Amino acid sequence: MTAVTSSSNGAAAPTAPLLTARGVSSGYGAIPVISDVHLEVRAGEIVAMLGSNGAGKTTTLLTLAGELPVTSGEIAFLGSTSRSSLYQRSRQGLAYVTEERSVFMRLTVMENLRLASADRDEAFALFPELKSLAGRRAGLLSGGEQQMLALARALARKPKLLLADELSLGLAPMVVDRLLAAVRRAADQGVGVLLVEQHVGKVLKYADRAYVMRRGRIAMSGTAGEMRSRMAEIEESYLSRVARPDEAAGRQRTARPRRSPDG
Ligand SMILES: Nc1ncnc2c1ncn2[C@@H]1O[C@H](COP(=O)(O)OP(=O)(O)O)[C@@H](O)[C@H]1O
Ligand SMILES: [Mg+2]
């Protein structure tokens, strides 16, 4: 069956999902965090993942990327069920910009691009300011420049699917718009994007659809338009900060999987 989705520029395109999660549960060791997550991402669309701190958004991305094992349910990537690692998935066209900025701080901008086998002309076309910073160490860039570099590294490899976790964390609104506009352009060229974002109002201007997570489950989903018209309800019911269960219980956290920018 072929489904039809419409992108924000109004064009309707028949696409099969790039990524599908069916009833996926996972967590850290014996600690379950996400349960029964169903979602999909198609080529050419930006799907926003919203939810308060501790809702399980990062855990979901880690699981979709192959960094955390699925405890039940299944993930299909590019049409077939996958239990492959992030490394294997990234070779198949998955790009993952993690919550921590996905750059090597001690390497220069150019070295970062080279290591990612990113097309540097493509990267400089996305964010022209990176060109004059090419010889500078990533650790000396501003937060916004580091995030541009992280996104350029990811997009200049021409991925099929981009997972991005809180690109805009701590950045000025103008920089956030530039990052989101670059993501939108990539989506309009066919990349499927799953974008975790706290700036709900802003991201819904760029996204096609959204899911809202609460306590490890998908609590709500809809088009960006539907979500915009229910903003008050979403903010009230789902986005107020809730104490993380481990904070409440003073629970020991286990280390997250260690990730290099290239998986
Ligand atoms: N390494 C870990 N070990 C144990 N629990 C964790 C770990 N990382 C996150 N958690 C717990 O998983 C839940 C979801 O966290 P996370 O996926 O980071 O949420 P979000 O990205 O939505 O803020 C929280 O209760 C958090 O405390
Ligand atoms: Mg997170």
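Residues numbered from 1 in each chain as written. Chains lettered and ligands numbered in written order. Predicted model: local features only at pLDDT ≥ 70, side-chain atom pairs only at ≥ 80, totals over all residues.

## So, the overall build of the protein
So the rule is basically this: Numbering of helices and strands runs from the N terminus, with a helix taken as a DSSP run of H or I at least four residues long and a strand as a DSSP run of E at least two residues long. Exposure classification rests on a simple neighbour count of other C-beta atoms within 10 Å of a residue's own: a residue reaching 20 or more is buried, one at 12 or fewer is exposed, and one in between is partly exposed. C-beta atoms are placed from the backbone. Placing C-beta atoms from the backbone, we regard two residues as in contact once those atoms come within 7 Å.
Looking only at helices and strands, the protein has 11 helices and 12 strands in total. For the protein, buried positions account for 43% of its 263 residues. Sequence separation of at least 24 residues holds for 69% of the intrachain contacts in the protein that already meet a minimum separation of 6.

## Details of the nonpolar core
Under the convention used in this document: Connectivity within a nonpolar core runs through C-beta atoms within 7 Å, and the core itself is a set of buried Ala, Val, Leu, Ile, Met, Phe, Trp, Tyr and Cys residues.
Ranked by internal contacts, the top residues of the largest apolar core, which has 77 residues, are Val47, Ala152, Val193 and Leu195. Per-element tally for this core: the top contributor is helix α6 (residues 143-155), with seven residues. Other than its neighbours up to four places away in sequence, Ala152 contacts Leu113, Ala118, Ala123, Leu126, Phe127 and Leu130.

## Remarks on the confidence of the model for the protein
Going by this rule: On a scale of 0 to 100, pLDDT captures the predictor's confidence in every residue.
Mean pLDDT over the protein: 87, with 86% of residues reaching 70 or higher. Predicted confidence in the protein is weakest over strand β1 (residues 3-6), with a mean pLDDT of 42, and strongest over strand β10 (residues 192-196), with 98. Counting interchain partners and residues more than four positions distant, the pLDDT-below-50 stretch residues 1-12 has 17 contacts. Considering only residues more than four positions removed or in separate chains, one finds that residues 243-251, a stretch of pLDDT under 50, has five contacts.

## Considerations on helix α7 (residues 173-188)
Given 3.6 residues per helical turn, the α-helix brings residues three or four places apart onto the same face. Operational definition: A helix's residues, less one, multiplied by 1.5 Å, set its expected span. The arc in question is the one spanned by the directions pointing from the helix axis to the C-beta atoms.
The end-to-end C-alpha distance of α7 is 22 Å, a good match for the 22 Å that 16 residues give at a rise of 1.5 Å each. Inspection of α7 places Val176, Leu179, Leu180, Val183, Ala186 and Ala187 among the buried residues, and these make up the whole buried set. In an axial view of α7, the angular spread of the buried residues amounts to 110°, which keeps them on one side of the axis. The exposed set on the far side of α7, more than 90 degrees from its buried face, consists of Met174 and Arg185. As for α7, its buried residues are in contact with β5 (46-50), α6, β9 (161-165), β10 and α8 (200-206). Of the residues one or two after α7, Gly190 is the one with positive phi, at around 115°.

## A short note on the pairing of strand β6 (residues 72-77)
We apply this condition: Only strands joined by at least two bridges in the DSSP assignment are considered to pair.
In the sheet, strand β3 (residues 17-28) pairs with β6 via five bridges, with the strands oriented antiparallel. Across the sheet, Ala21 pairs through a bridge with Ile75, a residue of β6. Examined bridge by bridge, β6 and strand β7 (residues 80-81) share two bridges and lie antiparallel to one another. Paired with Ala76 across the strands is Thr81, a residue of β7. Turn length for the β6-β7 hairpin, with the two strands adjacent in sequence and antiparallel, is two residues, and the turn residue Leu78 shows positive phi of about 55°.

## A word on unusual backbone geometry
One non-glycine residue, Lys158, adopts positive backbone phi at about 55°. Residue placement: Lys158 occurs in the loop between α6 and β9. C-beta crowding within 10 Å serves as the criterion here: with 15 such atoms nearby, Lys158 is assigned to the partly exposed category. A positive phi angle, close to 50°, is found at Arg215, a residue other than glycine. Here Arg215 is to be found in the loop between β11 (209-214) and β12 (217-223). The partly exposed category is assigned to Arg215, around which 16 C-beta atoms lie within 10 Å.

## Digging into the sheet that holds β7
Let me state the cut-off plainly: Think of each axis as a best-fit line through the C-alpha atoms, taken over the contacting stretch in the case of a helix, with angles from 0 to 180 degrees between the N-to-C directions.
Read across the sheet, four strands follow the order β4-β3-β6-β7 without closing on themselves; strand pairing throughout is antiparallel. Of all the strands in the sheet, the pair left with one neighbour each is β4 (31-42) and β7. Contacts from helix α1 (residues 57-65) reach β3, β4 and β6 within the one sheet, and its direction differs from that of β3 by about 115°.

## A closer look at the pairing of β5
Burial runs high along β5: five of the five residues are buried. In β5, alternate side chains face the same way, and those of Ile46, Ala48 and Leu50 on one face and Val47 and Met49 on the other are all buried. Both β5 and β10 contribute to a ladder of four bridges, which runs parallel. Bridge pairing in β10 places Met49 opposite Val196. In the sheet, β5 pairs with β11 via four bridges, with the strands oriented parallel. Residue Leu50 lies in a different strand from β11, and its bridge partner there is Val212.

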